[in-house]
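Spelled out from the first residue to the last, the chains are:
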Amino acid sequence: MRLSAISHDNRMAMEESMIRINRFNGLDNFLQEMDTFQRQLEGLFSSSGNATAGAYPPVNIYQNDDGLLVYARVPGLHAENIELTVTDDLLTIAGNVQDDSAQASDATGYLRNERSSGQFQRTIRLPYVISADKVEAIVKDGILRLVLPRAESDKPRKIAVKTN
Amino acid sequence: MFASLTKKGETQKTEGGVQKEQRNRPVYQPAVDIYENESGYVITADLPGVDEKSVDVSLENHILTLKAKASEVVTEGYKLVYAEYRVGDYERSFKLNDQVNKADIQAVLKNGVLKLVLPKAKPEVTKIPIKLQ
């Protein structure tokens, strides 16, 4: 069938489905790169060391073959106000920063308000599945440290090749 | 708006050329909230990763300076794959007006947040006697 013989409607449908397939491979990475680039750009104008308009809490992730270390910056957060959830390879950090200064009842005037407070939630996709029951979490001096061991079922297995 | 300053930490050397302390970390201005109430001012600063041994608050000539060092993280055997923040030192200065009672400034550090309470001095009224000539 020659292309010129396809009706207008059919051609639109074909083009639409082609774009959708491309998105899964090429466009997805592109969007991720743009996001990283934008975050770095915002970081240039911030003086406090983390991207101001980025996701909260900012995290650093360390990895080896057996597990992950995640550090999150959560100044002022008490352990009882943090909710951690691990589902397969998704980590969710949620909580509520109670800010006694932003809500000070006796304040007569605010001169500066740079800190943030309130509810937050952040979900991060990890590179592999985690053993949720072996996760360790410690919060100290406003830094949350998570040790996330890799699930045995998600570890690569060597497969022996037999010759016939 | 405050100026955004990111400077490298200082290098200190003794006379003999032996390096006493060299810090190659970024220095950030911590985010602060400042509000005023009846009895004074309250400054709250975010200092994640800082414990009370690593923070220094000093006052000289109406300038209140806050310096702190965040503790290093132990990551032996792991490789950094994603970073949204850098571990560094903190420094920020504030110019105080004459209303502040400098002798009674209090500082409390908890969960990586430093709270400074600056009470206002009670105004001193000195009566000046008038002598009759």
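Residues numbered from 1 in each chain as written. Chains lettered and ligands numbered in written order. Predicted model: local features only at pLDDT ≥ 70, side-chain atom pairs only at ≥ 80, totals over all residues. Heavy atoms only, no water.

**Here we look at the pairing of strand β5 (residues 32-37) of chain B**
Side chains on a regular strand alternate between the two faces of the sheet. Quick note on the threshold: When accessible area is computed with a 1.4 Å probe and restricted to protein chains, residues below 20% of their type maximum are described as buried, those above 50% as exposed, and intermediate ones as partly exposed. Helix and strand definitions follow DSSP, with helices as H or I runs of at least four residues and strands as E runs of at least two, each counted in order from the N terminus. DSSP calls a pair of strands paired once it identifies at least 2 bridges connecting them.
Burial within β5 of chain B is extensive, with five of its six residues counted as buried. Sheet topology places strand β5 (residues 107-113) of chain A next to β5 of chain B; five bridges connect them, and they run antiparallel. Bridged to R112 of chain A within β5 of chain B is I34 of chain B. Where β5 of chain B folds back on strand β6 (residues 40-46) of chain B, the antiparallel hairpin that results is connected by two residues.

**A short note on the interface of chain A and chain B**
Under the convention used in this document: We call two residues in contact when some of their heavy atoms are within 4.5 Å. In this description, buried area is defined as the sum, over both parts, of the accessible area (probe of 1.4 Å) that is lost when the two are combined. Salt bridges are defined as contacts in which a side-chain nitrogen from Lys or Arg sits within 4 Å of a carboxyl oxygen from Asp or Glu. Residues adjacent in sequence count toward polar contacts only when both atoms are side-chain atoms; beyond that, a polar contact is any pair of N or O atoms within 3.5 Å, and within protein one must be able to donate a hydrogen and the other to accept it.
Opposite the 44 residues of chain A that make contact, chain B presents 41 residues. Surface buried jointly by chain A and chain B totals about 3,900 Å² across both partners, of which 51% is contributed by carbon and sulfur atoms. Seen at the junction of chain A and chain B, the total is four salt bridges. D46 of chain B is the partner of R115 of chain A in a salt bridge, and the nearest nitrogen-oxygen pair spans 2.8 Å. At the boundary of chain A with chain B, the tally comes to 24 residue pairs in polar contact (both at pLDDT 80 or more). With seven residues, the single largest contributor to the side of chain A that touches chain B is β5 of chain A.

**A few points about unusual backbone geometry**
Note that the residue after Y56 of chain A, namely P57 of chain A, is joined by a cis bond; omega there is 0 degrees. For P57 of chain A, the location among the structural elements is in the loop between α1 (8-44) and β1 (59-64). One non-glycine residue, D88 of chain A, lies in the positive phi region at around 55 degrees. Structurally, D88 of chain A can be placed in the loop between β3 (82-87) and β4 (90-97). Of note, the phi angle at N111 of chain B is positive, near 55 degrees, even though the residue is not glycine. Tracing the chain through its elements places N111 of chain B in the loop between β11 (106-110) and β12 (113-119). The partly exposed category is assigned to N111 of chain B, whose relative accessible area is 22%.

**Describing the sheet that holds β3 of chain A**
Residues and elements named next belong to chain A. Threshold: Helix axes are fitted to C-alpha atoms over the stretch in contact, other axes to C-alpha atoms as well, and angles between N-to-C directions run from 0 to 180 degrees.
Spatial strand order, β3-β4-β6: three strands in an open sheet with antiparallel pairing. One side of each edge strand has no neighbouring strand; the edge strands of this open sheet are β3 and β6 (118-125). Shown here is a sheet whose adjacent strand axes are inclined to one another by a mean of 10 degrees, direction ignored. The pairing of β3 with β4 spans six bridges and is classified as antiparallel. Bridging from a neighbouring strand, I82 pairs with G95 of β4.

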